[in-house]
Amino acid sequence: MKVLVADDSLTMRRIIKNVLGQIGFADVAEARDGQEAVIAAQDADIKLILMDWNMPQMNGIDALRAIRGKGNKTPIIMVTTEAEKRRVIEAIQAGCNDYLVKPFTPDALIGAEE
């Protein structure tokens, strides 16, 4: 299964890719901002998207809305430092499937992915 990791931090993308590798996901695409994520999400092989909220060009919530606006139903998990209840509610209303607050454990990612 191919996973898209959208985060402006190279370090965070590497950490997430490492965690994904530990739990059996080797095919990982990357996006450095929301615009790249919207484009990459059009790949039919992408079966899961992990999206940061705070990114340049287009933030994660706007990218989420754009992806959903194109009719894309790929599961999207917001992986962010934004922990306020109103942010979680906003993301869920925009169409995310789950929400993980950084830092997270591999087990938390497994639970969100299921």
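Residues numbered from 1 in each chain as written. Predicted model: local features only at pLDDT ≥ 70, side-chain atom pairs only at ≥ 80, totals over all residues. Heavy atoms only, no water.

1. Observations regarding helix H1 (residues 10-22)
If you check H1, its first and last C-alpha atoms are 18 Å apart, about what 13 residues at 1.5 Å a residue would give, namely 18 Å. Where H1 ends, the next residue or the one after it, Gly-24, has phi of about 100°, a positive value. (Helix = DSSP H or I, 4+ residues; strand = E, 2+ residues; numbered from the N terminus. Expected span 1.5 Å × (residues − 1).)

2. Topic: the pairing of strand E4 (residues 76-80)
Side-chain direction in a regular strand flips from residue to residue, so the side chains alternate between the two faces of the sheet. Counting buried residues in E4 gives 5 out of 5 residues, a clear majority hidden from the surface. Because side chains alternate across E4, one face comprises the buried residues Ile-76, Met-78 and Thr-80, and the other comprises Ile-77 and Val-79, equally buried. In the sheet, strand E3 (residues 46-51) pairs with E4 via 3 bridges, with the strands oriented parallel. Considered in E4, the bridge of Leu-50 is made with Ile-77. Viewed along the sheet, the connection from E3 through helix H3 (residues 60-69) into E4 turns out right-handed. Judged from the 4 bridges that link them, E4 and strand E5 (residues 98-101) form a sheet pairing that is parallel. Bridging from a neighbouring strand, Val-79 pairs with Leu-100 of E5. Handedness of the crossover joining E4 and E5 through helix H4 (residues 85-94) is recorded here as right-handed. (Buried < 20%, exposed > 50% of the residue type's maximum accessible area, 1.4 Å probe, protein only. Pairing = 2+ DSSP bridges. Right-handed = clockwise from strand over helix to strand, strands pointing away.)

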